[in-house]
Amino acid sequence: LLTLPGGMHEIEVVKAGYDLIHEQVELKKTSLEVERNYHLLPKTAGVTISTFPVGGILKLNGIRVSTENKIKVDTRQKNTLTYSKLGYFSQSETFRLKPDEVKHVRFALEEEMGSVDISSIPSANVSVNGKQIGQTPVHLTLNAVMHKVELDLPGYRGISRTVKPIANEPTKIAVKLIPEAQVRLMEAPKSYKTHAGGEMVLFKPNDQVIMGAVRSEPGQRANEFLRTANITKPFYAGRHEVSNGAYAKFKAGHNGEPSLPVISITWLDAVHYANWLSQKESLMPVYDIDNHRLTQINTRADGYRLLTEAEWEWLVRKAGRKQQTQFSWGDNKTIPRMAANIADESIK
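In what follows, the accompanying structure is described. (Residues numbered from 1 in each chain as written. Predicted model: local features only at pLDDT ≥ 70, side-chain atom pairs only at ≥ 80, totals over all residues. Heavy atoms only, no water.)

### Description of the nonpolar core
- Among the nonpolar cores identified, the biggest contains 16 residues, and Ile118, Val149, Leu151 and Ile173 are the most heavily contacted of them.
- Elements represented by at least two residues in this core include exactly β10 (113-121), β11 (125-128), β13 (138-143), β14 (147-152), β15 (159-163) and β16 (171-176).
- Broken down by element, this core gets its largest block of residues, three residues, from β13.
- Leaving out residues up to four positions away in the same chain, Ile118 has contacts with Val126, Thr136, Pro137, Val138, Leu140, Val149, Leu151 and Ile173. (Core = buried A, V, L, I, M, F, W, Y, C linked by side-chain atoms within 4.5 Å. Buried < 20%, exposed > 50% of the residue type's maximum accessible area, 1.4 Å probe, protein only. Helix = DSSP H or I, 4+ residues; strand = E, 2+ residues; numbered from the N terminus. Contact = heavy atoms within 4.5 Å.)

### With respect to the environment of Arg321
- Its place among the elements puts Arg321 in the segment after α4 (309-317).
- Once residues lying within four places of it in the same chain are set aside, the contact partners of Arg321 are Val316, Phe327, Ser328 and Gly330.
- Here the side chain of Arg321 touches Thr325 through a polar contact of 2.4 Å, side chain to side chain. (Polar contact = N/O pair within 3.5 Å; in protein donor to acceptor, adjacent residues only side chain to side chain.)

### Points about the layout of surface pockets
- Quantified by volume, the second largest pocket comes out at close to 560 Å³.
- Leu2, Thr3, Leu4, Leu27 and Val34 are the residues nearest the centre of the second largest pocket, which is lined by 20 residues in total.
- Going through the elements one at a time, β1 (7-13) and β2 (21-27) are the ones with two or more residues in the lining of the second largest pocket.
- At three residues, the largest contribution of residues to the lining of the second largest pocket is made by β1.
- Tallied by class, the residues present in the lining of the second largest pocket amount to ten nonpolar, four polar and six charged. (1 Å grid on protein atoms, 1.4 Å probe; cavity = no way out; pocket = protein on both sides within 12 Å on 5 of 7 lines; lining within 4 Å. Points joined across faces, edges and corners; volume = space filled by probe spheres on them. Nonpolar A, V, L, I, M, F, W, Y, C, P; charged D, E, K, R; others polar.)

### Some points on the sheet that holds strand β17 (residues 191-193)
- Read from one edge to the other, the open sheet built from three strands follows the order β17-β18-β21, with strand pairing classed as antiparallel. Each edge of the open sheet is held by one strand with a lone partner, namely β17 and β21 (235-238). The sheet shows a mean angle of 30 degrees between the axes of neighbouring strands, direction not considered.
- Two elements, β17 and strand β18 (residues 199-203), share three bridges in a ladder whose sense is antiparallel. Counterpart to Tyr192 in the pairing with β18 is Met200.
- With respect to the sheet, α4 is in contact with β18 and β21, its orientation differing from that of β21 by roughly 65 degrees. (Pairing = 2+ DSSP bridges. Axes fitted to C-alpha atoms, helices over the stretch in contact; angles between N-to-C directions.)

Below you can see the structure in the form of structure tokens.
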């Protein structure tokens, strides 16, 4: 407890091994008693840093610090500085400094490299981080950071891998590329709704259908004969006929009970509808039509089309059956009731 006259007073608190505390205190009549409590901090030492490469992470005793300024360290203990950067081997230095001592620490990291072996079936083009490398198999030496490896081959689904090589342990990428058509089939939904509201069902045939008829079959014409068609290409087909309601979305003003099949349209009307549906779903139209005439069928297009004759006969006479039948309803030559709508009253 000190008794001092009013006015400004300089206070210094000094202890060996600790930082000096200096303060100015003004004593006034309004404050007859001034209380001060001081907490002395141990004297520190300093460390300056130089690093290569720049941009890494510096830690003092596990706590991240800046590389730009002189770092204060506790003189009562050993201190450890660690510098690291992705793709390089980290370095550490442990030291103990005296009060007010300044030490310079230089870190020069060694780049970490690792080997990457890339192979594929079949052989494919390889690019790393967007740069073309060559064709598999390839052996690469890359620094230990994340790399994007891409393999591509026309007609196959490309493959992308992310790898981070490490020293003394080869990284291996071995893949089998799958044809794009096969992948698309694997990803294809079993059924879906079209823009017009109809339901499409996926069929995956690997079958044959016998088309036509022998000349001796009752009711057949002399120019008919038997032939076998192979049905192997997957396709979607409508679960039901195109309805009046669906067709009216394409052709405004089309009349008819919305749920019933559309009638009284031409073949060209049907392919116009198919092209319209393709365009609505951002697919490539199958039919090229110029001035109301068909000029070309795009066999590689992914848009809507009419069924082929072979596909239609397979669907109505064999799909889902143990054996192919002569007619859509079976082998009985008498047409059963509710089998089909094949004629109006004029047939009488």
